[in-house]
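In case you want the letters, here they are:
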Amino acid sequence: MLDKTFDFAKREKEIYDHWDDSGAFKCGQRPDAEPFTIILPPPNVTGSLHIGHALNHTLQDILIRWHRMRGRDVLWQPGMDHAGIATQMVVERQLDAGNMRRIDMGREKFVERVWQWKEESGGMIFNQMRRLGQSCDWSRQKFTMDDGFVRAVLKKFVDLYHDNLIFKAKRLVNWDPELCTAISDLEVEQREVNGFYWHFKYPVDGEEGRYLTVATTRPETMLGDVAVAVSADDERYKDLIGKTLTLPLVGRKLIVIADEHADPEKGSGAVKITPAHDFDDHMVGKRHNLENINIFDEHARINENAPEKYRGMDRFVARKEIVADMDALGLLAKTEATVHVVPYGDRSGVPIEPWLTDQWYVDAETLAKPAIEAVEKGETKFVPKTWEKTYYEWMRNIEPWCVSRQLWWGHQIPAWYGPDGEVFVAETEEEAQKLADAHYGEVKEIVRDEDVLDTWFSSALWPNATLGWPDKTPELARYYKSDVLVTGFDIIFFWVARMMMDGLYFMDNEVPFETVYVHALVRDEHGAKMSKSKGNVIDPLELADKYGADALRFTLAAMEAQGRDIKMSDKRVEGYRNFATKLWNAAKFCEMNDCFKENRDFDPSSARHTVNKWIIGEAEQAAQKVTQALEAFRYNDAAAAAYHFTWGTFCDWYIELIKTRFYSDDADGIGETRKTAAWVLDQIIKILHPFMPFITEEIWQNTSNNRETDLILAPWPDYNPKNIDEAASAEMNWLITLISDIRTARAEMNVPAGAKLNMLVSGANEVTLASLSAQEEELKRLARLENIDRLEGAAPSGAISVVVGEATYYLPLSGVIDIDAEKARLSKSLEKLEKEIAAVAGRLNNENFVAKAPDHVIAENKKGLEDAREKAEKIKQALERLASMN
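Okay, so let's go over this structure. (Residues numbered from 1 in each chain as written. Predicted model: local features only at pLDDT ≥ 70, side-chain atom pairs only at ≥ 80, totals over all residues. Heavy atoms only, no water.)

## Notes on the sheet that holds strand β14 (residues 353–362)
Pairing is antiparallel across the open sheet formed by four strands, whose spatial order is β6-β5-β14-β16. Strands at the two margins of the open sheet, each flanked by one partner only, are β6 (181–183) and β16 (401–402). Two strands pair when backbone bridges link them, and β14 and β16 are joined in this way by two bridges, in the antiparallel orientation. The residue of β16 that forms the bridge with V362 is W401. (Pairing = 2+ DSSP bridges. Helix = DSSP H or I, 4+ residues; strand = E, 2+ residues; numbered from the N terminus.)

## As for unusual backbone geometry
Cis geometry marks the peptide bond from V383 to P384, where omega comes out at -5°. For the peptide bond that leads from Y480 to K481, omega is 5°, which places it in the cis range. Inspection of the secondary structure assignment puts K481 in the loop between α15 (474–479) and β22 (482–488). In this structure, A83 takes a positive phi of about 50° despite not being glycine. With respect to the helices and strands, A83 occurs in the loop between β3 (79–80) and α3 (84–97). A positive phi angle, close to 60°, is found at N750, a residue other than glycine. Among the secondary structure elements, N750 is positioned in the loop between α24 (726–748) and β26 (757–762).

## Brief notes about the nonpolar core
Core analysis: the biggest nonpolar cluster contains 168 residues, and M568, W614, F650, F691 and L779 have the highest contact counts within it. Ignoring anything within four residues of it in the chain, the contact list for W614 reads T649, W653, Y654, L657, A728, S729, M732, N733 and I736. The next biggest cluster of nonpolar side chains, apart from the first, holds 59 residues, and it includes A364, L485, V496 and M507. (Core = buried A, V, L, I, M, F, W, Y, C linked by side-chain atoms within 4.5 Å. Buried < 20%, exposed > 50% of the residue type's maximum accessible area, 1.4 Å probe, protein only. Contact = heavy atoms within 4.5 Å.)

## What to know about the side chain of H57
Within the fold, H57 resides in helix α2 (residues 51–69). If near-sequence neighbours (up to four positions away) are discounted, H57 is found in contact with L40, L49, W76, M129 and Q134.

## So, the environment of H288
Its place among the elements puts H288 in helix α8 (residues 279–288). For H288, a relative accessible area of 28% gives the class partly exposed. Placed 30 residues apart in sequence, H288 and A258 show a C-alpha to C-alpha distance of 9.4 Å. In this structure H288 touches I257, A258 and D259, once residues within four positions along its chain are discounted.

## Some remarks on the side chain of T808
You can see T808 is positioned in strand β29 (residues 807–812). What makes T808 buried here is its relative accessible area of 19%. Ignoring sequence-local partners within four residues, the contact set of T808 consists of L760, V761, S762, S801, V802 and V803.

## Notes on the pairing of β26
Here five bridges tie β26 to strand β27 (residues 785–790), and the two strands are oriented parallel to one another. The residue of β27 that forms the bridge with V761 is R790. As defined by bridge partners, β26 adjoins β29 across three bridges and the pair is classed as antiparallel. By the bridge assignment for β29, V761 is matched with Y809.

Here it is as structure tokens:
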């Protein structure tokens, strides 16, 4: 028996625990079924659930639950990433609080401390995922530092090295001087800051009094300048190309070069070139074979390659000194304030430095070629397809991938060095020692590389290493490749592309997934990106606690339209909580009218009553729409189809149409209607289950005593077009349209709700007349009509008309409303609306207003204008109705 309300706060956990305990989430229980696999993008071990996770996981769970109900052998593979930098920082902060340092502990003790933290505090996000109903196979949890995963990572590195696809080189990297490690582009945060352009004058050699002026936001880097670039087409400097300048404070000779990097329209048109400390300058240096002079140490302090005065200075201290010294020499032309973008380490919060250092690199260009070809051939498809362009753009311009990090937590690089620097790469120290002994002809001490591998290097193996690779396990044979990868656009390059490269390279040219679904970004209700500084971050767990996980999940799915970001708000979730309540009340209605006491082995094709044949056909079509939408990854369309059928068709119309039948003397009709209502409700909770698993399972388990299985494992509705009765559909859709149009006309004319009207019918054919006769009682009850008669002769005076199909339906209003007073009321409302429309349109046409107003204010004004115009149009239609009355 159903409770009065669904207590989601209590029942959601109980239902989830029941599923988990029953083994419903586990793969391998349908050995003869076709597998369906999704790999969960592994959250960081340090992570907690944010709204982006909630969206990503919900979209995956919808597919998982749907395919589980379709009879597939489903595997949703969960796991966590060790998150090198993030995890090391968390533990180091704990040490700092206790006045301890990892350097004092030593590597081995520090790594032990990280494992201890992981066991005590890591993985909180998995419990949060359970809170939202995510049905992963938790028995198969993986961690990127598990023994098996470590073995896979070591094999990958060694194989790539021996295939000449990994090498060590001195190249420019994003260097975090606080953490003293290279970091990836994804770990770099671009911030707008207030700064200055300092314009320095560099003396031209051999031309007394002539200078070439350059501008910089980083004066300290001038100590590493080796050239000045100008445009070959810049008439001001053509005569200087090939000549030299003297670098102030240093005395180094700088050559003037012609390069496209210099823009004659920007600044002075001359650009200082520091190849060791700027990525663009580095490319210029490569083109012109310029020297790389590194002037920073690992802490971004000035090193021995600069004049002695500045050595040991922090970069920002040196900046002030250099500006002051240039000014003292009369070589500071001017200083101008500017707002510019500075790259910061997203973990350390300090500006990163492009820095030349020895690092390990993967030959990504070679590995990218098959990955590009696989997408071109359609072996892996992107949805929406537009993201393929982003994928190609990144992959076709790929650079060597820096995979070494100067950390202690992570996969230590399997490379050992001999006393002369010779490198030996092997999966174990024993193997490396054998290589060294063979090389030297005697036993020599070897020392392991202290660096660890980039987190993305290990997570790129996620699709196959989680299934047991490099071993040839049964799971790997059955569940690789996965069917779908659901991910955000921001990691298409960092993760998706690298999984493609690894999958093709290590899995015999087989892609890791068939489809990559790229979902939207969740923004606040005004369309702004969420951030703690703005105070607009939405906590999905708070929403789930307030409205229920089902309401949150349905909201995310309903708003997930391909290619459009989600504008999230409490009100939207509250609205779908109301939808859940509507569903519950519909089930309660069926229960109160004994619908669940009838034999549940109902054959829908046996229905004989028009209203029942109609709702059965509508249920078939609704399930088909949901199926087709999910097949195309149109989550919003799938949710909309389920929503509109449930609330609009079943609750608002079918239940209203059958209410009085339960009090009639037609025993056969009552029995058929009960069975039909129960059957349709079952179809509803089945198609809603992937979106709203908790409330649907609760209804399923409490509306029959002889269910063969939980809803989570129940079969998905099979489309049967034979259950669609076209004649019944035509008759009921005609009835619904007529009732709706009469209600609209009554509302427009301000007819009192309790007033029963007479209706006269003109021009109806035999089919319509038969439908009028069959549906007369429902039409009178739901349209608030007293009598329905055929019109003989002219249209009556003082009547409004409604046209449906070939017939016209007249509603005399004389004596029911004051027509003149109603005209005056509507005219006054229209006048007020037209003033409002003019005012809002004026604001939106004001360039000054549009330029200064926040985006959400513009959006609110546009929405207000749209609503006002719609109201005004309805009033005009009502006035036209009044004017047409005789």
